[in-house]
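Residues per chain, in single letters:
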Amino acid sequence: LVLFGAGRMGAALARGWLKAKPKRVITVAEPNPTEEVLAWAEAGKVRLNAVPAPAGILVIAVKPQAFAGIAEAASAFVGPKTLVVSIMAGVRIAQISRRLGTPRVVRAMPNTPGAIGQGITVFSAAPGLAATELESTRGLLAPLGDVHGPVDEQMMSAVTALSGSGPAYLFLLAETMAEAGEAEGLPHELAQRLARRTVEGAAALMAASPDSPESLRRAVTSPGGTTQAALDILMDTGGMPRLLRDALRAAATRDRQLSKEAD
């Protein structure tokens, strides 16, 4: 098992693999390893920057803009039976296949809560992969949280816009809620605490409830009350629904542009 790139998502995957005490040898290819990765290598848990040889599974976990620069080095780990799993945004299966010289490719999109095992990853797969290879992919990505797939690759730009980029939207919500609280007279520290815990608590409630987000919203909204007054602003024609549609469209468009740049 070779991990090419050990940034936030790559390291999160490796952390999960190591916790499960894998039987297979893990090799990490990373020119700028963190202290955590160096500690793994020193403890003999992984091989760091070993001499390339064909892998059973090769995970590409670099930024999409870096792929062209590392493709030749990564291809040294690809043999006739290597399964390649990419978590790069925007880079299509056909592009990965062409650059690495293999038809056995899976394209996955995780999100940053995967760093604590609370994310969701969606993947699409090249035609012809065996059911065992798809199951191996699910097991490989499981340390990041929920795994869904395979889906049609045409969906991956929308997936990237919704779940891949989605955590940033929630962080922005907490950020702007705190700023709005300060504007209403709350001290900075209190506004930050209230905004953060409100977003955390609402997410936990949604995770624990069988009800839809819409049902949960309606349950907390009394007609003519304070929440209704706020939602009248957030849900008007220029409010949050419109902004989020525009935001997701921009993210999906950028994902498609990254595909073109990868060519």
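See the structure shown above.
Residues numbered from 1 in each chain as written. Predicted model: local features only at pLDDT ≥ 70, side-chain atom pairs only at ≥ 80, totals over all residues. Heavy atoms only, no water.

### Quick look at the nonpolar core
Item 1. Counting residues in hydrophobic clusters, the biggest one holds 28 residues, and the most contacted among them are L3, W17, V59 and V85.
Item 2. Looking at this core, the element that brings in the most residues is helix α1 (residues 8-19), giving six residues.
Item 3. Not counting residues within four places of it along the chain, the set of residues in contact with V59 comprises L1, V2, L3, F4, L13, W17, V85 and L140.
Item 4. Counting residues in hydrophobic clusters, the runner-up holds 22 residues, among them V62, A74, I93 and L100. (Core = buried A, V, L, I, M, F, W, Y, C linked by side-chain atoms within 4.5 Å. Buried < 20%, exposed > 50% of the residue type's maximum accessible area, 1.4 Å probe, protein only. Helix = DSSP H or I, 4+ residues; strand = E, 2+ residues; numbered from the N terminus. Contact = heavy atoms within 4.5 Å.)

### With respect to helix α8 (residues 188-208)
Item 1. The terminal C-alpha atoms of α8, which comprises 21 residues, lie 30 Å apart, in line with the 30 Å expected from a rise of 1.5 Å per residue.
Item 2. Looking only at α8, the buried set comprises A191, A195 and V199. Looking down the long axis of α8, one finds its buried residues gathered within 60° of arc, a one-sided arrangement. Away from the buried face of α8 by more than 90 degrees, exposed residues E189, R193, R196, L205, A207 and A208 are located.
Item 3. Buried positions along α8 lie against α7 (166-183). (Expected span 1.5 Å × (residues − 1). Arc of directions from axis to C-beta.)

### Quick look at the sheet that holds strand β8 (residues 145-148)
Item 1. The eight strands are arranged β3-β2-β1-β4-β5-β6-β7-β8 in an open sheet whose pairing can be described as mixed. Sheet topology places β3 (47-48) and β8 at the edges, where each strand pairs with a single neighbour.
Item 2. Strand direction decides the pairing type here: strand β1 (residues 2-4) and strand β4 (residues 57-60), joined by three bridges, are parallel. Residue F4 lies in a different strand from β4, and its bridge partner there is I60. (Pairing = 2+ DSSP bridges.)

### As for unusual backbone geometry
Item 1. In the segment running from G149 into P150, the intervening peptide bond is cis, with an omega of 5°.
Item 2. Inspection of the secondary structure assignment puts P150 in the loop between β8 and α6 (156-164).
Item 3. You will see that N49, though not glycine, has its phi angle at about 50°, which is positive.
Item 4. Tracing the backbone through its elements, the reader meets N49 in the loop between β3 and β4.
Item 5. Relative accessible area serves as the criterion here: at 44%, N49 is assigned to the partly exposed category.

### As for a nonpolar patch on the surface
Item 1. Residues L234, M235, M240 and L244 make up a contiguous nonpolar surface patch of about 320 Å² in total accessible area.
Item 2. Tracing the backbone through its elements, the reader meets L244 in helix α11 (residues 240-262).
Item 3. With relative accessibility at 37%, the residue L244 sits in the partly exposed group. (Patch = residues over 30% accessible without salt bridge, like charges linked within 9 Å, V, L, I, M, F, W, Y side chains within 5 Å. Areas by Shrake-Rupley, 256 points an atom, 1.4 Å probe, with all protein chains shown as cover. Salt bridge = Lys/Arg side-chain N within 4 Å of Asp/Glu carboxyl O.)

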